[in-house]
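Structure assessment
Here is how the chains run, residue by residue.
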Amino acid sequence: MTDDLAAVAALHDPVRRALYDYVAAQGRAVGRNEAAQETGISRTLAAFHLDKLAEAGLLEVDFMRLTEARPGPGGGRPAKVYRRGSIARTVTLPHRDYEQLAALLADAVHDTAADERAVAAAGAAGERLHEPGHWLATLRERGYEPYADGARVRLRNCPFQQVAEAQPLLVCSMNLALCKGIAGPDATAELDPRPGACCVSFSKNKSR
Amino acid sequence: MHLAQLNVGRLVAPLDAPEVADFVALLEPINKLADDAPGFVWRLTAADTDSAVDYRHDFGDDLLINMSVWRTRQDLWNYVYRTRHLAVLQRRREWFQRTVEVHSVMWWVPDGHLPTAAEGMARLALLAEQGPGPGAFTFKDFHDPAGAPA
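Helix and strand content of chain A: nine helices and seven strands. Expressed as lengths along the three principal axes of its C-alpha atoms, the size of chain A is roughly 65 × 45 × 30 Å. Sequence separation of 24 or more characterises 56% of the internal contacts of chain A that already satisfy a separation of 6 or more.

Dropping the structure here:
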């Protein structure tokens, strides 16, 4: 937990927080120039803070060519790029471990008659969260990180990722029910799993 | 090494019954999805089973056997849980009898080795008798090719 605390503490600086939020929201690798421009700071300052975030494990570093190779020295050199780190950071003081509890319950429930009740409970919880016209904001508040992809709305983040890795059948069924409830009549949630992404996507219902 | 997997199930009705018509209709597109999935190496097809006379007699006509070989754990995981296959899995109770017995197993095979149904059933029996180990395991109790729990 010490590492988690250090990682979270690295976000105390508002510039770093803005850089982290920007990189996380893109869902792809971001170069130093782009991050600097988008957050309105100098490239040197952006590089400094991006590297601090990488040191803390909040961002992962890669190297790639971002533009066509230009003539001259260094023109075709791969640039340092950043994407959000895959490790989840949690700080609760005093310590709480709901993830372990959820994993144990998921193990106990999956593939029994109780898993249908778990899905029904998730659906009911979603319906309680539904506010007409507010479904996207609700998804955002709950950490799903929704984004538009053509006519569909996809989710960048799975809030239940660790438990979903262990019990995908149960957790993805529960998540679909929860999302259907949150969307209500405003949008249609459908199972749309993709590697490395949330299992649900939405189509907006035009009449609403 | 490649990752082999076998899973078995008993349908709630014969293959030509209306109760399982949706499932039967999904077989071809879902198998195609597997064939085209990244990391897919091989799967047991009707052509294989017809020639394996002992397999049908040993395990019964009502037992459906799925067996396939994949490059990595992640490739198999992505196919099972991160494609349209997931939606089919979620409907399994409509089509398959609920069984408490062990119905799914994985094990490592040398590259190029295509396991027989009898081999897969023996791995399933190993898992049922001895629990997960280097020779028979599951996603949940995974073992790497060196035999270590992962």
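That shown, we press on.
Looking now at the interface of chain A and chain B. Accessible area lost upon the coming together of the parts serves often as the stated size of an interface. Contact residues are listed per partner, giving ten residues for chain A and nine residues for chain B. Per element, the largest residue contribution to the side of chain A that touches chain B is four residues, and it comes from helix 9 (residues 168-183) of chain A.

A word on the sheet that holds strand 2 (residues 59-64) of chain A. Sheet strands pair via backbone hydrogen bonds, and the direction of the pair is either parallel or antiparallel. Residues and elements named next belong to chain A. With antiparallel pairing, three strands are arranged side by side in an open sheet as 1-3-2. Pairing within the sheet leaves two strands with one partner each, and these edge strands are strand 1 (30-31) and strand 2. When strand 1 meets strand 3 (residues 79-84), the two strands line up antiparallel, connected through two bridges. Bridge pairing links Gly31 to Val81 in strand 3. Sheet strands touched by helix 4 (residues 43-55): strand 2 and strand 3. Its angle to strand 2, the strand with the most contacts, is close to 120°.

Attention shifts here to helix 2 (residues 14-26) of chain A. Residues and elements named next belong to chain A. Taking 1.5 Å of rise per residue, 13 residues should cover 18 Å, and helix 2 covers 19 Å from first to last C-alpha, within 8% of that figure. Those residues of helix 2 not exposed but buried are Arg16, Leu19, Tyr20 and Val23. Summarising the axial view, the buried residues of helix 2 lie within an arc of 100°, below the 170-degree limit, and thus occupy one face. Seen from the buried face of helix 2, the exposed residues on the opposite side, beyond 90 degrees, are Pro14 and Asp21. Residues of helix 2 that are buried make contact with strand 1, helix 3 (32-39), helix 4, strand 2 and strand 3.

What follows concerns the sheet that holds strand 5 (residues 152-155) of chain A. Residues and elements named next belong to chain A. Strand order across the open sheet formed by four strands is 4-5-7-6, with antiparallel pairing between neighbours. The open sheet terminates on both sides in strands that have one partner only, identified here as strand 4 (146-149) and strand 6 (187-191). Across the sheet, the mean angle from the axis of one strand to that of its neighbour is 30°, orientation sign disregarded. Examined bridge by bridge, strand 5 and strand 7 (residues 200-204) share three bridges and lie antiparallel to one another. Considered in strand 7, the bridge of Val153 is made with Phe202. Seen against the sheet, helix 9 touches strand 6 and strand 7 and runs at an angle of roughly 170° to strand 6.

Residues and elements named next belong to chain A. Closest axis-to-axis distance for the helix 2/helix 3 pair is 10 Å, and the angle between their directions is 115°. Once helix 2 is placed against helix 3, the crossing between them reads as right-handed. On helix 3, the residues that touch Ala18, Leu19, Tyr22 and Val23 of helix 2 are Ala35, Glu38 and Thr39. Residues belonging to the contact of helix 2 with helix 3 are distributed by class as follows: five nonpolar, one polar and one charged.

Before going further, it helps to spend a moment on the packing of helix 2 of chain A against helix 4 of chain A. Residue and element names in this part refer to chain A. Put simply, helix 2 and helix 4 touch, their axes get as near as 10 Å, and they point 75° apart. Taken together, helix 2 and helix 4 sit at an angle that is classed as roughly perpendicular. Here Val15, Arg16, Leu19 and Tyr20 of helix 2 lie close against helix 4, whose contacting residues are Ala46, His49, Leu50, Lys52 and Leu53. Considering only residue class, the contact of helix 2 with helix 4 consists of six nonpolar, one polar and two charged.

Attention shifts here to the environment of Leu5 of chain A. Residues and elements named next belong to chain A. Here Leu5 lies in helix 1 (residues 2-9). Classification of Leu5 as partly exposed rests on a count of 13 C-beta atoms within 10 Å. Along the backbone, Leu5 and Gly31 are 26 residues apart, and their C-alpha atoms lie at a distance of 27 Å.

The rules behind each value
Residues numbered from 1 in each chain as written. Chains lettered and ligands numbered in written order. Predicted model: local features only at pLDDT ≥ 70, side-chain atom pairs only at ≥ 80, totals over all residues. Helix = DSSP H or I, 4+ residues; strand = E, 2+ residues; numbered from the N terminus. Contact = placed C-beta atoms within 7 Å. Pairing = 2+ DSSP bridges. Axes fitted to C-alpha atoms, helices over the stretch in contact; angles between N-to-C directions. Expected span 1.5 Å × (residues − 1). Buried ≥ 20, exposed ≤ 12 C-beta atoms within 10 Å, placed from the backbone. Arc of directions from axis to C-beta. Left-handed = near helix turned anticlockwise from the far one by under 90°. Nonpolar A, V, L, I, M, F, W, Y, C, P; charged D, E, K, R; others polar. Parallel < 35°, antiparallel > 145°, perpendicular 65-115°, else oblique.

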